[in-house]
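Structural description and commentary
As a plain string of letters, each chain reads:
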Protein chains: 6
Amino acid sequence: MRLALSTWSEIETFLQRSRTIVIPIGSNEQHGPIGLLGTDWMCPQIIAEYAQESADILVAPTFNIGMAQHHLGFPGTITLRPSTFIAAIEDWVRSLVAHGFEKIYFLNGHGGNIASIEAAFSQLYADASFARQPAGFALKLTNWWDLEGVGALANQQFPTGHGIHATPSEIAVTQWAYPDAIKSAAYSPQIANSGPIREAHDFRSRFPDGRMGSDPGQASPEKGRELVLLAAQGLIKELQAFSRETTPLSHLGSSTNNC
Amino acid sequence: MRLALSTWSEIETFLQRSRTIVIPIGSNEQHGPIGLLGTDWMCPQIIAEYAQESADILVAPTFNIGMAQHHLGFPGTITLRPSTFIAAIEDWVRSLVAHGFEKIYFLNGHGGNIASIEAAFSQLYADASFARQPAGFALKLTNWWDLEGVGALANQQFPTGHGIHATPSEIAVTQWAYPDAIKSAAYSPQIANSGPIREAHDFRSRFPDGRMGSDPGQASPEKGRELVLLAAQGLIKELQAFSRETTPLSHLGSSTNNC
Amino acid sequence: MRLALSTWSEIETFLQRSRTIVIPIGSNEQHGPIGLLGTDWMCPQIIAEYAQESADILVAPTFNIGMAQHHLGFPGTITLRPSTFIAAIEDWVRSLVAHGFEKIYFLNGHGGNIASIEAAFSQLYADASFARQPAGFALKLTNWWDLEGVGALANQQFPTGHGIHATPSEIAVTQWAYPDAIKSAAYSPQIANSGPIREAHDFRSRFPDGRMGSDPGQASPEKGRELVLLAAQGLIKELQAFSRETTPLSHLGSSTNNC
Amino acid sequence: MRLALSTWSEIETFLQRSRTIVIPIGSNEQHGPIGLLGTDWMCPQIIAEYAQESADILVAPTFNIGMAQHHLGFPGTITLRPSTFIAAIEDWVRSLVAHGFEKIYFLNGHGGNIASIEAAFSQLYADASFARQPAGFALKLTNWWDLEGVGALANQQFPTGHGIHATPSEIAVTQWAYPDAIKSAAYSPQIANSGPIREAHDFRSRFPDGRMGSDPGQASPEKGRELVLLAAQGLIKELQAFSRETTPLSHLGSSTNNC
Amino acid sequence: MRLALSTWSEIETFLQRSRTIVIPIGSNEQHGPIGLLGTDWMCPQIIAEYAQESADILVAPTFNIGMAQHHLGFPGTITLRPSTFIAAIEDWVRSLVAHGFEKIYFLNGHGGNIASIEAAFSQLYADASFARQPAGFALKLTNWWDLEGVGALANQQFPTGHGIHATPSEIAVTQWAYPDAIKSAAYSPQIANSGPIREAHDFRSRFPDGRMGSDPGQASPEKGRELVLLAAQGLIKELQAFSRETTPLSHLGSSTNNC
Amino acid sequence: MRLALSTWSEIETFLQRSRTIVIPIGSNEQHGPIGLLGTDWMCPQIIAEYAQESADILVAPTFNIGMAQHHLGFPGTITLRPSTFIAAIEDWVRSLVAHGFEKIYFLNGHGGNIASIEAAFSQLYADASFARQPAGFALKLTNWWDLEGVGALANQQFPTGHGIHATPSEIAVTQWAYPDAIKSAAYSPQIANSGPIREAHDFRSRFPDGRMGSDPGQASPEKGRELVLLAAQGLIKELQAFSRETTPLSHLGSSTNNC
């Protein structure tokens, strides 16, 4: 079930059977010579939307602009500063909590988002923590490549040259979903070098065509299909487990500040 | 040309022939008994993506969560606070300006966004203004229903019961683009009442099914198609004019603080 | 009744008969060759103070520095950034709400303030909306030139060359109130040109003497007096209607998240 | 010369003979049984406007809402949080610096403002300090009761019961300027008690009628006149000295980070 | 008792006998030719840690980076902007209040911190003040040189050349605590000059070796020991008085907004 | 070399031979039944201060309060919100960069800090990235337990029950440095359970005595000494490598926006 294609009363009905929602989250940034700028937000969107075709899960609109300051040396990259990113996550979560959602799951497609998402979670929890009250909601972050079995499949598909940015696996996923937007380009070396990530100017100096450790030419739509199917299964399984999770009985009652 | 489906080098090439970009911007919020929660961000996205099929314009990813605090009484609504909204617009614009874009055009689908977008524009211009320097970029906001001829067409299609929220025209646009997501529901009165917009609790009290002044049942995919075609023409025309626009020769040189 | 010239116990007494207050709000910015820098905050102050002489209404101190970044190319302009402006409105409103005021009415004298004031209203309402609770207060913005009959009178007084900045009507109001500060200056063309509003440098290039579409030389103290008298009547009427307004009975009780 | 009653070109001319401006700054807050809510912003405004009648100094509009959170227990008090206050001071100063003002003098009427004004000064200076560059402007804060001779006069006028809030001296100043707004009320004890300043609830508990250590009934318009005349002289003198002040020749050139 | 060297259950036990805590707070900044960069945060830490050896008081970790923008012209200075400083104080206080602390005492070692600490206190109290509720905690700031008898002792030890920055008294305190880090250097003039404090560039121009009005060479470890002993006594006494303090019975009940 | 125990001119001299500095960073939070509240900031401080005794490295004051909102259920924990934490890191880095430091190394002692530190790095780099300029500095984060060989040693010392919070290795380090503050307590089970980290209330419910997966009773001062010695070696080695690092020659010159 896609939230954006639903009416408010359909969501009201959904809330009577589940308090869980999944938010695809990524980034819009350069992905090397043949990867699409939208790769990182399209991958989790593709997986989540595929998953909801066969399971009763609710998929929010995609959080499409993430933390990608280091890619600003390449045209087309759009970024939020971490402070803006954190504020936006806060507002998304508060909106969903206002409706009664209690388990909010972020399916992430961009490594550069992880720190800012986790910082945002802490920012959201902090209000309850200062008040020493239950927050009333639980937040969870999973990268799509960490879903059950997905990493193993990617390693098997791409034993060398997977790398960490503009990887053949993420490009394969978008090739399957957007076959009309498959690109080709000459690039060298075949496998890009690696190194630290700092500001955009330094990044482009180290990684002149935008790749980090990858050989994206190995991607194919068929490999993308395999990844999406497996990831969708993993997502459904994780959402079920997350939905069932409960907090143990509180022992805070014995503390100094409680009455 | 869709930015998210392009590579960074394709954008680099585009920048050699144009410094203009259009950003579809909307909101994800209740749209009455039959309107989709995504209506307001899908409408400008539909129009802009349709327009780029026949013209050499560049469409950014969609800014899909807007300022919709007053709709939080209805499940599925997601909002940014104005302060977050303004910070996000700042980061989008600064990212695009870093690449050399000079004319940044927001095609808006949500009335509730207008004040916060204009405030964001002023926030962005203020840095240059305090420095009394040219900003180096120009920002423009147009609501899709204000594109040339669109309002007149909507009035002709829906002489009564157009209203101002969950209107038949915006619903028609989404029906044309997402025919599998056309909804139906009984509602009364046929034309919803109107009134002031305040906090979410007050809003739901005044507008119990979410409509404001509208009779959305008049929408049809065919009417949506007519609106999209006309709006796309208007958009192309406006972008051309915006691209050609220049700043008159400066007279600031005579001022006290300049040397 | 002027709040600043009252004691706290007089305000405590006032609150027993009314929960409504009017805040004159404007800007301090260039107003062309003969307009005063304080025009936009003095106009609503003049009108509100005149109105309180004949009606039992309460007038707050004037919010005198508004959002005028585009006028910074002209000496004497002082502006708040939208983010500061919004924070300040929040604090004014929270202070008044703490005392029991429930209807807070902003009488505005500056077009450039409108977006930031409305964004501030949404920021203030958002807290209640996230909590799905009544806010406990209502906010209203009216430009003094939109008070009943005022626009018609100005059109009749100045059938040509009224324009949109440094207008003869606003200058007339200040001339009536501050006859010792009436200025004269040669300017040309008689009616200034118009155009988009961007950063200060661009603004001064387009509008070299600060006027936008206006011929301010038509102003006279007598025309100002007519405007003030009519506007004061309109203000009193609007405040009475606003004071009487109530929220319809809530239907939120049927929603998912309420218990 | 009053900035608000001037045109921009008059300010442009003024800047050719002086780069100094004075900003009256205060607070709008309870002042005990007979003091006016506007006392703290009216006093510096009265003094500065009186001073400009006999000296070529420039007086900005009044910063009328200050930091008065502790007075919120009394109706009519309006406060900015320190964070908002600091942001507003930043914007005022940046606006004036944009025009070429180099010496910005705040004439303060409220003790509770002092910490936030000084914090704002540091916030403004910090940008230049991180860059190890000259700021290009100097900021100065003086309380009107610290102007030359004023404290001695007040002690002589009110040898007992001057106190620190709702003092007879500040009330006298407003009585002279607003003779129609002189109030009277019974209060006891004759001299109010003193104590620490914390949140509003605590404040009202300690100081039930709003006074701190004062016996305001000793105020008279004539004493106010004496205070204003002396303070205006002191202000003119301080502004002259501030205008003449220069920074000693820099020795930063020998430091590590400079070239 | 030092909080950092305790377990959480020891603090839980402490809270059953006291709700008071002392936070040493200072700055890390240049202290002239022989003073240590850590002088201002080490002095209150030394005094508080000495005091807790003979009294049942609880000492928090030291807030070691303060507001020192004006010292950035000298290598080794680290500063927070006032806005960051205020946010950090807020978080420290909210953390301690969450555990049940009610009296939070800041023992300060840096004059430049005073404004920002007081602004932070107001920021913290403001939430309660807007709600017209008791805050539930009280905050107190004391500079260590203002503890009972300390100023008199310093005047007696250093009748001339005490000055206001890099003073012999603060250097003596660190000499006693860190005898291995006693420095010597030639400097002239013997007593440094004084003047206003502005941005870092201006500061270094006025005070080329970092001293303000002081002759630090008069410091000795023995004089430092005398100061620490006396200050520790004063601190214990102040903490006892602060712990005993209560708020008078509230009279807010009679106000308009209370029920 | 310890910055806090140096004079500014000693730092000025140091900068002529090195542009690298190490900042110990941690948290002040509960560490189970026998761990000290200061464990996480004391460990990196102990290691860095030990390292500087035998190598020419510069150690900044310790950033002692980190991101520990989840521990607020246990008395003595003090936390910064992520937004405050990020702002503070920004100010520390900007201060050091102002003096000419180019390599700023954070030696971290708290897992909960990692996300916020990395977000702060991105926030700092973003300014340069929007401007497409070199930042002029490089930032690096290393947890002390990730220094060369340290993890292997801890595994060997504590083959079972090391866990992830209140671990025997970190407690051993503090036992060696503060032998007078070694605590003992009964606890059960011997090895604590594990689980997700959310708000403080949930945390204390899951981990009633504060441990996560650990058996801290295995700690001993001697094991702590071994860890410190090995970690100090690793730190010195990492700082040398970091100091030597350079950015590859930039290729940004070929991009659209550069001239």
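Anything mentioned here points back to the structure above.
The text that follows walks through the structure, step by step, so that each part is easy to find. Note that the coordinates shown come from a computational prediction; the quantities given were computed from them, not determined experimentally.

**Brief notes about the environment of Y187 of chain C**
Residue and element names in this part refer to chain C. Mapped onto the elements of the fold, Y187 is located in the loop between α6 (168-177) and α7 (200-206). For Y187, a relative accessible area of 23% translates into the label partly exposed. Measuring from C-alpha to C-alpha, the distance between Y187 and P75 comes to 18 Å, with 112 residues separating the pair along the chain. Not counting the four nearest positions on each side in its chain, Y187 is found in contact with P33, D209, R211, D215, P216 and G217. Polar side-chain contacts of Y187 include one of 2.5 Å to the side chain of D215. Only 2.6 Å separates the side chain of Y187 from the backbone nitrogen of G217, close enough to count as a polar contact.

**Considering helix α1 (residues 8-17) of chain C**
Inspection of α1 of chain C places W8, I11, E12, F14 and L15 of chain C among the buried residues, and these make up the whole buried set. Along the axis of α1 of chain C, the buried positions cluster into a sector of 160 degrees, meaning they face one direction only. Buried residues in α1 of chain C make contact with β1 (20-25) and α3 (82-99) of chain C together with α7 (200-206) of chain D.

**Focus on the packing of helix α5 (residues 150-157) of chain E against helix α8 (residues 221-244) of chain E**
All names here are of chain E. It is the contact of α5 with α8, at a shortest axis distance of 10 Å, that shows an interaxial angle of 165 degrees. It follows from the interaxial angle that α5 and α8 lie roughly antiparallel. Taken as a pair, α5 and α8 cross one another with a handedness that is right-handed. Where α5 abuts α8, its residues V150, L153, A154 and Q157 lie against K223, E226, L227, L230 and A231.

**Things to note about the packing of aromatic side chains**
Scanning all chains against the criterion turns up 60 aromatic pairs over all chains. Each ring, one from F74 of chain A and one from W8 of chain B, has its centre 4.9 Å from the other, and the planes form 65 degrees; the classification is edge-to-face. Remark: W8 of chain B occurs in helix α1 (residues 8-14) and F74 of chain A occurs in the loop between α2 (39-51) and α3 (82-98); the pair is interchain, linking two chains. For the pair F74 of chain A and W8 of chain B, a shared accessibility class is recorded, and that class is buried. Here the aromatic cluster, defined as three or more aromatic residues joined through ring pairs, consists of W8 of chain A together with F74, F203 and F207 of chain B. In this structure, K103 of chain C packs its charged tip against the face of F242 of chain C, placed 5.6 Å from the ring centre.

**A word on the pairing of strand β2 (residues 103-108) of chain E**
Sheet faces and side chains relate simply in a regular strand, where the side chains alternate between the two faces. Residues and elements named next belong to chain E. Judged by how many residues are buried, β2 sits mostly within the fold: six of six residues are covered. Side chains K103, Y105 and L107 project from β2 onto one buried face, and the interleaved I104, F106 and N108 project onto a second face that is buried too. Note: strand β1 (residues 20-25) against β2, six bridges, orientation parallel. Among the inter-strand pairings, V22 is bridged to a residue of β2, identified as Y105. Note: β2 against strand β3 (residues 138-143), six bridges, orientation parallel. Each residue of the ladder has a partner; that of L107, found in β3, is T142. Crossover handedness for the path β2 to helix α4 (residues 114-131) to β3: right-handed.

**Thoughts on the relation of the copies chain B and chain A**
Comparison of the two chain copies shows a relationship of rotation about an axis with a shift along it. With an RMSD of 0.0 Å, chain B superimposes on chain A once it is rotated by 180 degrees and translated 0.0 Å along the axis. Look at the turn and shift together and you get a two-fold axis relating the two. Considering only C-alpha atoms, the part of chain B nearest the rotation axis is T84 of chain B, at 3.3 Å. The overlap is high: 100% of the interface residues of chain B also sit at the interface in chain A, so the same surface is used on both sides.

**Section: the sheet that holds strand β3 (residues 138-143) of chain C**
Residues and elements named next belong to chain C. An order of β1-β2-β3 is seen for the three strands of this open sheet, with the pairing classed as parallel. Either end of the sheet is taken by a strand with one partner, and the two such strands are β1 and β3. Direction aside, neighbouring strands of the sheet carry axes that sit 20 degrees apart on average. Sheet strands touched by helix α4 (residues 114-131): β1, β2 (103-108) and β3. Its angle to β3, the strand with the most contacts, is close to 175 degrees.

**Some details on the sheet that holds strand β2 (residues 103-108) of chain A**
Residues and elements named next belong to chain A. Across the sheet, three strands lie side by side as β1-β2-β3; this open sheet has parallel pairing. Of all strands in the sheet, those with a lone pairing partner are β1 (20-25) and β3 (138-143), marking the two edges. With direction set aside, neighbouring strand axes in the sheet form an average angle of 20 degrees. On the sheet, α2 packs against β1 and β2 and is oriented at approximately 150 degrees with respect to β1.

**What about the interface of chain B and chain A?**
Of the residues lining the interface, 50 residues belong to chain B; the matching set on chain A comes to 50 residues. Summed over both sides, the interface of chain B with chain A buries roughly 4000 Å², with 62% coming from carbon and sulfur. Considering only the side of chain B, the residues that lose the most area to chain A are L5, W8 and P75 of chain B, jointly responsible for 18% of the buried surface there. Taken together, the links from chain B to chain A amount to six salt bridges. Put simply, E10 of chain B and K183 of chain A hold a salt bridge, and the shortest N to O gap is 2.8 Å. Taken together, the connections running from chain B to chain A amount to 23 residue pairs in polar contact (both at pLDDT 80 or more). Looking at the side of chain B that touches chain A, the element that brings in the most residues is helix α3 (residues 82-98) of chain B, giving nine residues.

Calculation notes
Residues numbered from 1 in each chain as written. Chains lettered and ligands numbered in written order. Predicted model: local features only at pLDDT ≥ 70, side-chain atom pairs only at ≥ 80, totals over all residues. Heavy atoms only, no water. Helix = DSSP H or I, 4+ residues; strand = E, 2+ residues; numbered from the N terminus. Buried < 20%, exposed > 50% of the residue type's maximum accessible area, 1.4 Å probe, protein only. Contact = heavy atoms within 4.5 Å. Polar contact = N/O pair within 3.5 Å; in protein donor to acceptor, adjacent residues only side chain to side chain. Arc of directions from axis to C-beta. Axes fitted to C-alpha atoms, helices over the stretch in contact; angles between N-to-C directions. Parallel < 35°, antiparallel > 145°, perpendicular 65-115°, else oblique. Left-handed = near helix turned anticlockwise from the far one by under 90°. Phe/Tyr/Trp six-rings, centres within 6.5 Å; stacked < 30°, edge-to-face > 60°. Lys NZ or Arg CZ within 6 Å of the ring centre and 35° of its normal. Pairing = 2+ DSSP bridges. Right-handed = clockwise from strand over helix to strand, strands pointing away. Least-squares fit on C-alpha atoms with pLDDT ≥ 70 in both. Buried area = accessible area lost by both parts, 1.4 Å probe. Salt bridge = Lys/Arg side-chain N within 4 Å of Asp/Glu carboxyl O.

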